[in-house]
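Structural description and commentary
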Amino acid sequence: MNIAFFDAKPYDVSSFEPYLNDDIKIHFFETKLDIETVSLTAGCEVVCVFVNDTVDKAVIDKLYANGVKLIALRCAGYNNVDLGHCFGKIHVVHVPAYSPYAVAEHTMAMLLTSIRRIHKAYNRTREFNFSLNGLTGFDLHGKTVGVIGTGRIGRVFIDICKGFGMKVLAYDKFPKDDGINYVEFDELLAKSDIISLHCPLTPDTEYMIDENAIAKMKKGVVIINTSRGALIKAEALLEGIKSRKIGAACLDVYEEESDIFFEDYSGHIVDDDTLARLITMPNVLVTSHQAFLTNEALGNIAQTTIQNIEEFFEKGTSANELCYRCGRVDTCKNHRINKCF
Ligand code: NAI
């Protein structure tokens with residue numbers, strides 16, 4: 001089996017190399033998948049892609065023409081794949097969970113770094129500047145955190161916040177009856193000192209944090225996004241920071257990240273003025289879609305991706321196959337039994 005592996009980084013190669021054998025040949029390409037690079041898939045039955053590869057209608061048609069049978073996403077989110085257009089042509093599998101702890105712990109790491117000014121202190125002491133001026137933070141204990149999306153990652157983050165003695169409010173479009181304190185979206189916005197996003201990017205959730213939502217928040221609110229960039233309208237966030245309404249922002253994802261994140265642009269001029277301005281703000285912390293990046297998560301991603309591929313070629317489907325009809329993987333068991341194809 002030949003697998004065309006796009007956007008391959010050294011840590012991807014290390015985690016997938018143990019699975020290479022006479023039956024599984026992986027062709028690692030550093031480039032991302034898009035209409036310019038899709039020709040590299042000739043002779044491959046599988047393409048393995050990540051969050052910023054482009055799998056739109058034009059790319060899917062070329063993949064199909066090249067004889068690709070399976071798109072194996074090595075991530076949970078699948079907003080970059082036109083699932084409807086895959087129907088009847090190419091099957092799609094993903095890795096629904098690889099380590100909710102990795103992402104939830106990074107979320108708390110960003111929050112603590114931001115509000116206790118650890119990033120500032122680190123730079124200062126390296127210069128032998130031991131002044132504490134300007135480093136005053138605030139206690140998390142007793143503060144209210146609003147968690148949007150109470151799936152795998154949201155729940156782990158809720159548990160972590162409870163460990164800090166925080167009050168937790170939650171909003172989910174599909175709330176579960178499980179002891180979580182659910183409130184309406186607007187109530188969460190109005191009452192939270194910290195708001196953390198853990199829902200997928202869908203037409204429903206795109207720009208859920210825009211100027212209207214920000215207007216409803218407390219002054220000084222801390223916003224954390226480790227989910228998908230376009231949940232937040234970046235210009236509205238920037239305006240909220242400039243007007244001092246938003247106290248701090250922690251961003252592991254960014255609306256227009258696909259051409260920038262995961263790459264080294266030091267020494268280059270970045271064209272995205274909004275991102276450049278956000279990064280200059282003393283109260284904005286940006287990491288480059290790093291929340292998933294733990295040894296445990298990388299190991300699980302490689303193992304599940306290979307299992308998905310092997311299962312698909314043995315059985316014609318996989319437990320982690322995505323069904324485009326309902327758009328909700330967790331609830332599409334019936335469609336899978338009846339087969340989307
Ligand atoms: P999940 O599928 O377990 O949970 C998502 C939750 O969002 C569900 O409870 C669902 O009901 C809820 N939801 C769906 N639509 C909603 C809406 N309109 N409003 C409010 N809630 C809604 O997903 P999981 O594993 O917790 O991941 C969450 C997100 O984290 C993923 O969609 C992905 O975008 C992001 N992610 C980011 C990573 C990173 O490295 N920064 C790594 C892995 C995931």
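Residues numbered from 1 in each chain as written. Predicted model: local features only at pLDDT ≥ 70, side-chain atom pairs only at ≥ 80, totals over all residues. Heavy atoms only, no water.

Here we come to the pattern of salt bridges. By the definition in use, this model includes 14 salt bridges. Its salt-bridge partner being K216, residue D186 comes within 3.5 Å of it at the nearest N-O pair. With D186 in helix α7 (residues 185-191) and K216 in the loop between α8 (211-215) and β9 (221-225), the pair connects residues that are 30 residues apart, well separated along the chain. On the basis of relative accessible area, D186 is assigned to the partly exposed category, the value being 39%. The shortest N-O distance in the salt bridge between K242 and E239 comes to 3.6 Å. (Salt bridge = Lys/Arg side-chain N within 4 Å of Asp/Glu carboxyl O. Helix = DSSP H or I, 4+ residues; strand = E, 2+ residues; numbered from the N terminus. Buried < 20%, exposed > 50% of the residue type's maximum accessible area, 1.4 Å probe, protein only.)

Right, let's get into the site of the ligand. Among the 25 residues in the neighbourhood of the ligand, the closest are listed as R152, I153, D172, K176 and T226. Between I153 and the ligand, the recorded distance is 2.9 Å, taken from a backbone N or O atom to an oxygen atom. Residue D172 places a side-chain N or O atom 2.6 Å away from an oxygen atom belonging to the ligand. Starting from 870 Å² of accessible surface for the ligand in isolation, the protein chains cover 91%. Of the residues assigned to the shell around the ligand, the class counts are 9 nonpolar, 8 polar and 8 charged. (Near = heavy atom within 4 Å. Polar contact = N/O pair within 3.5 Å; in protein donor to acceptor, adjacent residues only side chain to side chain. Areas by Shrake-Rupley, 256 points an atom, 1.4 Å probe, with all protein chains shown as cover. Nonpolar A, V, L, I, M, F, W, Y, C, P; charged D, E, K, R; others polar.)

Attention now moves to the nonpolar core. In this structure, L63, I71, I209 and L237 are the most contacted members of the largest nonpolar core, which totals 80 residues. With 7 residues, the single largest contributor to this core is helix α11 (residues 295-315). Ignoring anything within four residues of it in the chain, the contact list for L237 reads I214, I223, I232, I246, A249, L251 and L278. (Core = buried A, V, L, I, M, F, W, Y, C linked by side-chain atoms within 4.5 Å. Contact = heavy atoms within 4.5 Å.)

With that settled, consider the side chain of N52. Looking at the element boundaries, N52 is found in the loop between β3 (46-49) and α2 (57-65). What makes N52 buried here is its relative accessible area of 11%. At 3.4 Å, the side chain of N52 forms a polar contact with the side chain of E257. In contact with N52, not counting residues within four places along its chain, are K32, N80, E257, S258 and F262.

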